[in-house]
Every structure is written in structure tokens, then in C-alpha cells.
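Each chain is listed here by its residues.
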Amino acid sequence: MKNIFIYILLLWSGFAFAQNEQLAQYYYDKGDFEKAKVSYEQLLNLAPSNTQYFLRTIDCYQQLQQFDIAQKAIQERYNRYKQGVFLVELGYNFQLQKNESKAKSYYDQAIEKIRTNSNDVYGIGNSFEKKVLLEYALKAYQTAMEVQPNYNFNFQIGMLYGQLGKTDQMIDLLLTESFKNPQNANLIQTQLSRFMNGETDNTGFKDAMRKALILRTQKDQDVFWNHYLSWFYVQQKEFGKAFIQEKAIYKREPESLMSIVNLSQFALNENDTETATEILNFILLNTKDLDLLIQTNASLMEIKIEKAQEKDYPAIETELQQLLTTYEITPFTVSLQIIQAHFLAFNLKKPEEGKAIIKRALELNLNEYQQADAKMELGDILLLEEKFNQALIYYSQIQLDLKNDVMSHEASLRAAKTSYYKTDFEWALKQFKELKSANTQLIANDALEYFLLINDNTAADSTQTALKQFAKGDFLMYQNKKLKAIAQFQGILKNFKGQEIEAVTMLRLGKIYESQADYTAALGQYQQIIDNHSDGIYVDEALFFSAEIYNDELKDTEKAKPLYEKVIFNHQDSIYFVDARKKYRELRGDKNL
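Residues numbered from 1 in each chain as written. Predicted model: local features only at pLDDT ≥ 70, side-chain atom pairs only at ≥ 80, totals over all residues. Heavy atoms only, no water.

### Some words on the overall build of the protein chain
Along the protein chain, the regular secondary structure elements total 32 helices and 0 strands. Here the protein chain has a C-alpha radius of gyration of 31 Å; the compact-globule value for 593 residues is 25 Å, and the former is much larger. Counting only C-alpha atoms and orienting by the principal axes, one finds that the protein chain spans roughly 85 × 65 × 65 Å. Partitioning the contacts of the protein chain with sequence separation of at least 6, the portion at a separation of at least 24 is 51%. Total accessible area on the protein chain is roughly 31,300 Å²; 50% of this is exposed by carbon and sulfur atoms. Taking the average location of the 67 positive side-chain charges in the protein chain and that of its 79 negative ones, the two points are 3 Å from each other. (Helix = DSSP H or I, 4+ residues; strand = E, 2+ residues; numbered from the N terminus. Rg over C-alpha atoms; globule rule 2.2 N^0.38 Å. Contact = heavy atoms within 4.5 Å. Areas by Shrake-Rupley, 256 points an atom, 1.4 Å probe, with all protein chains shown as cover. Lys, Arg positive; Asp, Glu negative; His and termini not counted. Charge placed at Lys NZ, Arg CZ, Asp CG, Glu CD.)

Here's what the structure looks like:
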């Protein structure tokens, strides 16, 4: 009984201690330093050796300008523990009082402390970094490596060079460190990537990286540098240049195509289908692996179908059938079977044949993900046929079979869109609201778009008359009936002129015209949004889509540049902000892209 009582007492004490810590943190974050000071002093009395509580208490003193109290406390702490980190704290306390000479004296003492006890570098270096005393932090790590040559602070020193704007020294040191200690390469690449993708655009960092890597590949024949240069080009989304490096690597190390396969996927994810096609054809020529052959052919067929005009359909139908004849109907070819089914249903308007292919595939010995892929396609074809409830059954099965998986979220999104197409807006809105916080960014963005569409237009028109007409237009687009969709959206513009639905209708029409390569008509729709709905939520898309047409299709960069610029300066919260900034810098001729 006595042991139980002691256990309960200890448990309660721990709980109370944790509560006090949370309260101290709350006051500190709120900026109420007087109350935070009292709370941290109490915590420090209970745990006198806790350095974190001590430093927070000192911080509170300094925020309240109680510098003498802080100095006395730090000095006593240093006298007791003799740790160099408290010399940094003493120096900083004087720096806050604008006493630079006293501050420098203590900082120099901290550096000297490393010479007598090199282990102190960890606390001292970290303290200098936290206080953004970068030159002193640099000196601390360099001193430690002088005293103890077996110490390695090259990563820390390299990062400090970067923060100090010494980018050439940073790059040189970190690349050398990557080569000498390959186990650190991933960590270094992560940090280099952060610098490359940072907000500043006047350091020439990317240009310096490119030059340094090219120079090393020329001087040193080790494939390590080809790998590194390929990684760099992937970061810049220059997949063609990355492919050149990967081919050079493969020529010397033909054991595996995995890096090249991954590169093809990167290119596909960024819609660089031209480079992806080149890479995929290279894979076909250099592998005998059955799975890889099927996977590669499937990707190539998807690219062909995406780009195909109606006149190309017979050749694609023949090629798909030849591939399935070659590789046969097995679980290994389920991806090709699904592509064939989709092509028959959506492009050749033969949904019954498409469904028959999927149902045959579901009779094979498929794993749970293959089954989900097949069921998703079957749901899509049933939706195409306006068999909404049957489609929902298959989407629901995927949600149940693969809970919390990305495919489950995708099935949820398609179920929500199905409800939207059948104008069950109340239920669709609930589903889109939940999916707004999905882990997958594409799904979250898609869900947010539909949530705002339904929410805003319901608020503007409680009868949802215009929204119902708009959903019908979207469904016609889903069914690949572009001419009917155009007529539907044009009818909405005529019948609901000046209403909430107008801007998004113009946006939809613009995208359809783009898909038909009618860029003049597309630009006309986007310009109307820019002119008449400049305060709406679709203007950033209209600006960005217009810029893309001028830049990529019409090759009129002078018209593209100001449109990208407006996205950058007026729409920082746009999902197109990052891409607009990159394209704008390219057009402006920046070397440090």
C-alpha cells in the first residue's frame, strides 16, 4: 500500500512539473517575460542543474533589461561548472548593453577555452550559432579542428560560410566533405537544396554550384561527381541534362537502371514528356527485365494517349493490343490492361469493352494495390456512363480496403466529385472539406478548389441554379465531350452574366480552348477574368495560364514576363507562385535560377 502511495505521489509530481513547464513556455511565447521569469525560476529551483531552464531564466532577465542580475547568475554558473558556453552568455549579456569591448573579451575567452578543452566546442559553437554570432561560431569550429585534427566540423563550417555569404567557400568545402564522407552526402545535399531554393536571388549560388560540379567532373573521373551533377540538374528540373550524366554513369556501371528509371518518373511528374519519352525509350533498349519492360511501355502509352489526336487512335489501339499479345494477360500486365480499358472507354467511346477488360483483370490473382487500381478504373468508367451509385460502390471499396493510404484519399476525392457531378452539393461539400487537409498536396489543392466553388456559389445563390449548370459542364469535360462542354459553359456566361459563377466559367473555357490549341480564344477568356474579376480568387490562375501560353506556346516572352511578375508581387499565396518566380527569373536572364 505504501509503495502504491509513493508511486501515485511521484506520478502526480511529474504531472505538476510538466504543467509548470508548459505554463512557463506559454508566458514566454506570449512575451509576458515577468511571469515567464517567475515560472522558470521556480523550475530551476526544482531542477538546479537543468541548463535549458537556466538559459530561459537568463533570457527573461535580459528581455526585462535586468542585466546585472543576469551577469551575476551567469558568473556563478560558470564558477560552478566551468563550461565555456557561459563565457558566451556573459559576452552576449554585455553585447545587449552595447559594451562591445567587454563582449569581445568574453567571446575570445570562450574560443581560448576550446584550446584547453576541445570538448567545449559543442556548447560554445552551438551558442554562437543560436545568437547569430557567425564569425565566432566559425572560429570555434576551426579552432577545435586545429587542436584535434580528428574532429570533423566541415559540415557546420560549410553552412556558416553559406550564412555569411561566402558561397564559393561553402560549396567547395561541402562538396569535398561529400566525397570524403559519402555517408554525409544526403544531409549535405538537403542543405544545399535549401540554399538553391531560397528566397534570395542575387547570390549566384546555383550558378556557382553548377560551375563547381562541372569542374569536378572534368578534373576527377570518379562517377561520384556524375551522380552529384545529375542530382543538381534534377533539383533544377533540367531532366535532359541529368539524363546525359545518368547515361555516362550507366556506360561505366551498367549493373542497374534504377537511377534512370527514377529520372523518367521525375520527368513525368513535372510533365516533361519529351525528356521522359527519350529516357523511357533508352530503358527499353537496355533492359530484359519483364516488369521493367511492361512498366516502361505502360508509361510510353500513357504519354502517347495524352498527346494523341483522334486520327492517332487506330494506331494506338493496335499498339496496345500488340503489347498485351506480347506480354499476355497476367497480373504483371494489369497496368497495360487498365490503360487499354481507359482508352477504349474514354477515347473510343466503347465503355462496355473497357468494363469487360477490367472485370477480366479482377479475376486474376492481383495484390491489394492492383485490385484498387482496377476498381478505380471500373468506377471511372461507370461514372462516365452516369452510373453514379455503382461508381461510388467501387470507390468506397477502395476506401475500406486501403484506409489512410494515398489511394484511399484519391478514391475519396473521386467519390466527392461523383457527388458533385450528380449535384448532391451538400454531401460533396462535406467530403471536399475533409480532403482539404489530405497529406497529398495535389489531392488537397483539388479538394480546396471544389470546396470554394461550391461554398462561394451557394452563398451567392441559395437555389444553386448556376452551380448545377456548371457541374453539368464539368461532367461533360470528364466525359471528354469538349464541344458540348463549351456550349454548356457559354450558356452559363449568357444566362448568369455578372454573377459569382462567371469568373470560374471563363477559367474552364480557357482550359478547354488551350487543350484544343486555340490559344487566342483561351487568352481572351483569361483576359476577361484579369479585367473584370481582378479582386476574385481566380485572377492568379488567369495570369499564370496566360503567361504560360505566351512563354511556352506563342514564344512571346515580352508578354509573358509582366504576367509572371504580377503573380509574384500580387499573389504570394498562389499555388503557382513558385513556378511563376522561377519562370520570371529565367526570362529576366538570372544566372542563379
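### Observations regarding helix α23 (residues 406-421)
The terminal C-alpha atoms of α23 lie 23 Å apart, and with 16 residues this matches the ideal 22 Å at 1.5 Å per residue to within 8%. With respect to burial, α23 is a largely interior element, 13 of its 16 residues being buried. Among the residues trailing α23, Thr 423 stands out with phi positive, at a value near 60 degrees. (Expected span 1.5 Å × (residues − 1). Buried < 20%, exposed > 50% of the residue type's maximum accessible area, 1.4 Å probe, protein only.)

### Observations regarding the packing of helix α16 (residues 273-286) against helix α17 (residues 290-307)
Two elements in contact, α16 and α17, have axes whose closest approach is 10 Å; the angle formed by their N-to-C orientations is 150 degrees. Put simply, α16 runs roughly antiparallel to α17. With respect to the hand of their crossing, α16 and α17 are arranged in left-handed fashion. Residues Thr 273, Glu 274, Ala 276, Thr 277, Leu 280, Asn 281, Ile 283 and Leu 284 of α16 form the contact with α17, whose own contacting residues are Leu 292, Leu 293, Thr 296, Asn 297, Ser 299, Leu 300, Ile 303 and Lys 307. Looking at the contact of α16 with α17 residue by residue, the classes come out as 8 nonpolar, 6 polar and 2 charged. (Axes fitted to C-alpha atoms, helices over the stretch in contact; angles between N-to-C directions. Parallel < 35°, antiparallel > 145°, perpendicular 65-115°, else oblique. Left-handed = near helix turned anticlockwise from the far one by under 90°. Nonpolar A, V, L, I, M, F, W, Y, C, P; charged D, E, K, R; others polar.)

### Notes on the environment of Leu 55
Of note, Leu 55 is situated in helix α3 (residues 51-63). For the pair formed by Leu 55 and Leu 378, sequence separation is 323 residues and the distance between their alpha carbons is 62 Å.

### Things to note about the nonpolar core
Among the nonpolar cores identified, the biggest contains 102 residues, and Leu 383, Tyr 420, Phe 432, Leu 453, Phe 470 and Ile 501 are the most heavily contacted of them. The element contributing the most residues to this core is helix α19 (residues 334-347), with 9 residues. If we ignore the near neighbours within four places in the chain, the residues touching Tyr 420 are Phe 425, Ala 428, Phe 432, Tyr 450, Leu 453, Ile 454, Phe 470, Ala 471 and Asp 474. (Core = buried A, V, L, I, M, F, W, Y, C linked by side-chain atoms within 4.5 Å.)

### A closer look at the layout of surface pockets
Here the second largest pocket is characterised by a volume of approximately 500 Å³. Residue lining of the second largest pocket: 18 residues in total, with Leu 55, Glu 89, Ser 127, Lys 130 and Lys 131 positioned closest to the centre. Residue assignment for the lining of the second largest pocket shows that the elements contributing at least two residues are α3, α5 (85-96) and α7 (121-130). Looking at the lining of the second largest pocket element by element, the count peaks at 7 residues for α3. Residue composition of the lining of the second largest pocket, by class: 6 nonpolar, 7 polar and 5 charged. (1 Å grid on protein atoms, 1.4 Å probe; cavity = no way out; pocket = protein on both sides within 12 Å on 5 of 7 lines; lining within 4 Å. Points joined across faces, edges and corners; volume = space filled by probe spheres on them.)

### Focus: the environment of Ile 260
With respect to the helices, strands and loops of the structure, Ile 260 is situated in helix α15 (residues 258-269). Considered as a pair, Ile 260 and Lys 247 are 13 residues apart in the sequence and their alpha carbons are 8.0 Å apart. Other than its neighbours up to four places away in sequence, Ile 260 contacts Phe 243, Glu 246, Tyr 250, Ile 279, Phe 282 and Ile 283.

### So, unusual backbone geometry
Across the chain, the bulk of peptide bonds are trans and the bulk of non-glycine residues have phi less than zero. The backbone of Lys 82 shows a phi angle near 60 degrees, a positive value even though the residue is not glycine. At Gln 464, a position not held by glycine, the phi torsion is positive, near 60 degrees. Mapped onto the elements of the fold, Gln 464 is located in the loop between α25 (441-460) and α26 (465-478). Overall, Gln 464 belongs to the buried group, its relative accessible area being 18%.

### Brief notes about the packing of aromatic side chains
What the rule picks out here adds up to 39 aromatic pairs. Ring plane angle 50 degrees and centroid distance 5.6 Å describe the contact between Phe 388 and Phe 475, whose orientation is recorded as tilted. Taken as a pair, Phe 388 in helix α22 (residues 388-401) and Phe 475 in helix α26 lie far apart in primary sequence, 87 residues in all. Residue class for Phe 475 comes out buried when judged on its relative accessible area of 6%. (Phe/Tyr/Trp six-rings, centres within 6.5 Å; stacked < 30°, edge-to-face > 60°.)

### Describing helix α8 (residues 134-147)
Spanning 14 residues, α8 covers 20 Å between terminal C-alpha atoms, matching the ideal 20 Å at 1.5 Å per step. Contact partners of the buried residues in α8: α6 (100-116), α7 and α9 (154-163).

### As for the pattern of salt bridges
A full pass over the atoms with the stated rule returns 29 salt bridges. Residue Asp 108 is joined to Lys 104 by a salt bridge in which the shortest nitrogen-to-oxygen separation is 2.8 Å. Of the two residues, Asp 108 and Lys 104 are both situated in helix α6; the distance of 4 residues between them amounts to about one turn of the helix. Asp 108 sits in the partly exposed class, given a relative accessible area of 25%. Here Glu 112 and Arg 115 are joined by a salt bridge, their closest N and O atoms 3.4 Å apart. Of this pair, Glu 112 and Arg 115 both sit in helix α6, 3 residues apart, which is roughly one turn of that helix. Residue classification places Glu 112 among the partly exposed positions, given a relative accessible area of 45%. One salt-bridge network, in which partners are shared between bridges, spans Asp 207, Arg 210, Lys 211, Glu 238 and Lys 241. (Salt bridge = Lys/Arg side-chain N within 4 Å of Asp/Glu carboxyl O.)

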